[in-house]
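So you can see what is in the structure, the chains are spelled out below.
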Amino acid sequence: MSQQYHYDILIIGAGAAGLTLALELAKTHKVAMLTKGDIREGSTLYAQGGVAAVLAEKDTIDSHIRDTVTAGVFLGDPDAIRFTVENSKESIDWLIDQGVPFTRSHEGDSYHLTKEGGHSHRRIIHAADATGQAISATLIHNATQHPNIDFFPDRVAIDIITSDKLRVSGDNRALGIYALNLTTDEVDVFIAGRIAIAAGGASKVYLYTSNPDTASGDGIAMAWRAGCRVANLEFNQFHPTCLYDAKAKTFLISEAVRGEGGKLLLPDGSPFMSKFDDREELAPRDIVARAIDHEMKRLGVDHVLLDISHKSTEFITTHFPTIYEQCLKYGYDMTKEPIPVVPAAHYTCGGVMVNQFGHTDLKHLYAVGETSYTGLHGANRLASNSLLECIVYARSAAQHMLSNPVLPKPLVEIPAWDDSQVTDSDEDVVIAHNWQELRQFMWDYVGIVRTNNRLLRAKHRVDLLLSEIDEFYSNYKISSDLIELRNLANVADLIIQSAMKRKESRGLHFTLDYPDTNEKPEPTILAPNKK
Ligand code: FAD
Ligand code: SIN
């Protein structure tokens, strides 16, 4: 039996962004939190390096701003960058108040700060090499104890219900969502005065990714279909170092390993980063990933090596206990030998356009965290600025919602999901095939190095897939695989369109047809066709 729920606030996603928002709002509002599967699953859980913030005595706000601008190749929005960095210390204090057990310095009177690529200071606060796990566990603990927060796991949000779709007069606004209940197989309706999408990124659009399965771009696709603009989706970040092992399913090797002295080596043991950038292993990620890609293609090899074995066993096992254990599980002892690494899709720099309060183009709809485009990252995200953005913008969105009255019950009847015209699919193989094909051509044609021809090929293929998926969607009963495929294809199309619009190489978007960088940096903004 399909259910209908009413809440003040509805949040899609329980990562760092969604949980922060929920905890800030629950003081005064009833909040529903939906997650696709288990409430812990999402990129936040796997974050390793830490959270960037101006905490060290000799560090300054201007220095963090400069590093963010430089990593983003001057495309970042100056106001968004300043706003984020200025709120960094306060956000860390908020996490500490919540109880996040960050690693202390040797002296014990302050926190240990590590270094990552593109940062000119030690400014990454962390919980050993499992920062996301510490943040996620702490915030989930607090949220599940809170009487005003209800969790709904195993609910896959399908689409935003808008007043325009229901032909209600007045400004178009978000009223609720439809969500597939994986336990009952029914589509439930959630109605709320404010809706926030905190559904994470879209790196699963690529065949190889450091991200968990939740990162299928659902939030971006839903917001786009609801009429919101998206920006800078051509900038998908590839993390330079994921463990290369068939069984490891792209396990990330934190940039902090390079921050603490790890060297990248060719298979013959020779270092190569100095050929590409003076900052060597600590150049921003786009440069390091492209250098590795270049060397792998030049030599015809399927991985390079990362070596930190010159550090003591005690240092390695204290700083990187999770990475050490995982590598050992796959047969690599990083205290004694280099480990094999490759780049993989890691982070969606673009997303749903929002203002400083996380508000989208659609009234009552917010987007926070990796789903959103705040303007912070420009053409390439500076390491560990993502969790920071989640906390800063979720808190700002909460402030905005708290200062605007909430109407939980719209004066309109929201219809139940109508599946009277569809049948059960007997063609699941088509979904599985299209899923694989999409992720493969995105990897091959829209990856680290692009060309006009490759993008055109990808565009033809995605158009074909989109029309097949539309047909499926209209004729067959909804399933989580179909929802995911539809969202992946929607976002892939937006990534390709954005990449085709950018006639230059900048940061993460590198094309052999336009190798130069334009003088004037401009974001790529796509707007849905309004009917
Ligand atoms: P997520 O944490 O990804 O959460 C998404 C939520 O949305 C999940 O609860 C999911 O179930 C839910 N969801 C998705 N779709 C739906 C749907 N249709 N219906 C219902 N629910 C849905 N960043 C840093 O700053 N520092 C780091 O050290 C760092 N390390 C990283 C290491 C790894 C391996 C990875 C993958 C990322 C790392 N990042 C790091 C990036 C950072 O972790 C993410 O950008 C950030 O955690 C995103 O948080 P979020 O709240 O936006 O989304
Ligand atoms: C890492 O630990 O290398 C990931 C950091 C990040 O993605 O910001």
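Look up: the structure comes first, before these words.
A brief structural summary. Remember, it's a predicted structure, so these values are computed and weren't measured experimentally.

## Focus on unusual backbone geometry
Excluding glycine, most residues fall at negative phi; most peptide bonds, likewise, are trans. Here His364, not a glycine, exhibits a phi torsion of approximately 70°, which is positive. Among the secondary structure elements, His364 is positioned in the loop between strand 15 (351–353) and strand 16 (365–367). The class of His364 is buried, set by a relative accessible area of 17%. Residues other than glycine seldom take positive phi values, yet Ser384 does so here, at roughly 65°. Residue Ser384 is classed as buried on the basis of its relative accessible area of 7%.

## A few points about the site of ligand 2
By nearness alone, every residue bordering ligand 2 is listed as Gln48, Gly49, Glu116, His239, Leu252, Ser254, Glu255, Arg285, His346, Arg381, Ala383 and Ser384. Contact distances for ligand 2 include 2.7 Å between an oxygen atom and a side-chain N or O atom of His346. Isolated, ligand 2 exposes 260 Å² of accessible area, and the fraction of that covered by the protein chains is 92%. Among the residues forming the shell around ligand 2, the class breakdown is two nonpolar, six polar and four charged.

## Looking at helix 3 (residues 61–71)
Given 3.6 residues per turn, any residue in an α-helix points the same way as the ones three and four places further on. Among all positions in helix 3, only Ser63, His64, Ile65, Asp67, Thr68 and Ala71 are buried. Buried positions along helix 3 lie against strand 3 (51–52), helix 4 (78–86) and helix 12 (385–402). Positive phi appears at Val73, one or two residues downstream of helix 3, with a value of about 50°.

## Comments concerning the site of ligand 1
Taken together, the neighbourhood of ligand 1 is formed by 39 residues, with Thr44, Gly50, Asp218, Glu370 and Ser386 sitting nearest. At 3.4 Å from a nitrogen atom of ligand 1 is found a side-chain nitrogen or oxygen belonging to Ser384. Protein contact buries 98% of the 1,000 Å² of open area that ligand 1 shows by itself. Class assignment for the residues of the shell around ligand 1 results in 15 nonpolar, 18 polar and six charged.

## Details of the packing of aromatic side chains
This model, assessed by the stated rule, comprises twelve aromatic pairs. Plain terms: the ring middles of Phe472 and Tyr476 are 4.8 Å apart, the flat faces sit at 55° to each other, and that makes the pair tilted. Residue classification places Tyr476 among the partly exposed residues on the basis of a relative accessible area of 22%. Through successive ring pairs, a cluster of aromatic residues spans Tyr5, Tyr7, Phe152 and Phe190. Cation over ring: Arg104 sits above Tyr111, and NZ or CZ is 4.4 Å from the ring centre. Note that Arg381 overlies the ring of Tyr347, its terminal NZ or CZ placed 4.1 Å from the centroid.

## Some words on the environment of Asp277
Positionally, Asp277 belongs in the loop between strand 12 (263–265) and helix 9 (285–299). Between the alpha carbons of Asp277 and Val288 there is a distance of 8.5 Å; along the sequence they are eleven residues apart. The contacts of Asp277, once residues within four sequence positions are left out, are Ala283 and Ile287. A distance of 2.8 Å separates a polar side-chain atom of Asp277 from the backbone nitrogen of Arg279.

## Description of the nonpolar core
Core analysis: the largest hydrophobic core is formed by 74 residues, its most contacted members being Ile160, Ile177, Leu438 and Met442. A total of eleven residues in this core trace back to one element, the largest contributor, which is helix 15 (residues 480–501). In contact with Met442, other than residues within four places in its own chain, are Val205, Tyr206, Gly447, Ala492, Ile495 and Ile496. Listed in part, the 48 residues of the second largest apolar core include Leu23, Ala53, Ala143 and Tyr393.

## So, the sheet that holds strand 15
If you trace the four strands from one edge of the open sheet to the other, you get 17-15-10-18, paired in mixed fashion. Looking at the sheet topology across the chains shown, the edges are occupied by strand 17 (372–373) and strand 18 (525–526). Taken together, the two bridges between strand 10 (residues 230–231) and strand 15 define a ladder with antiparallel strand orientation. In the sheet register, Val230 faces strand 15, and the bridge partner there is Val352. Of the strands in this sheet, strand 10, strand 15 and strand 18 are in contact with helix 7 (residues 218–225), which crosses strand 15 at around 40°.

The rules behind these values
- Residues numbered from 1 in each chain as written.
- Chains lettered and ligands numbered in written order.
- Predicted model: local features only at pLDDT ≥ 70, side-chain atom pairs only at ≥ 80, totals over all residues.
- Heavy atoms only, no water.
- Helix = DSSP H or I, 4+ residues; strand = E, 2+ residues; numbered from the N terminus.
- Buried < 20%, exposed > 50% of the residue type's maximum accessible area, 1.4 Å probe, protein only.
- Near = heavy atom within 4 Å.
- Polar contact = N/O pair within 3.5 Å; in protein donor to acceptor, adjacent residues only side chain to side chain.
- Areas by Shrake-Rupley, 256 points an atom, 1.4 Å probe, with all protein chains shown as cover.
- Nonpolar A, V, L, I, M, F, W, Y, C, P; charged D, E, K, R; others polar.
- Contact = heavy atoms within 4.5 Å.
- Phe/Tyr/Trp six-rings, centres within 6.5 Å; stacked < 30°, edge-to-face > 60°.
- Lys NZ or Arg CZ within 6 Å of the ring centre and 35° of its normal.
- Core = buried A, V, L, I, M, F, W, Y, C linked by side-chain atoms within 4.5 Å.
- Pairing = 2+ DSSP bridges.
- Axes fitted to C-alpha atoms, helices over the stretch in contact; angles between N-to-C directions.

Worth remembering: the numbers are spatial, not functional.
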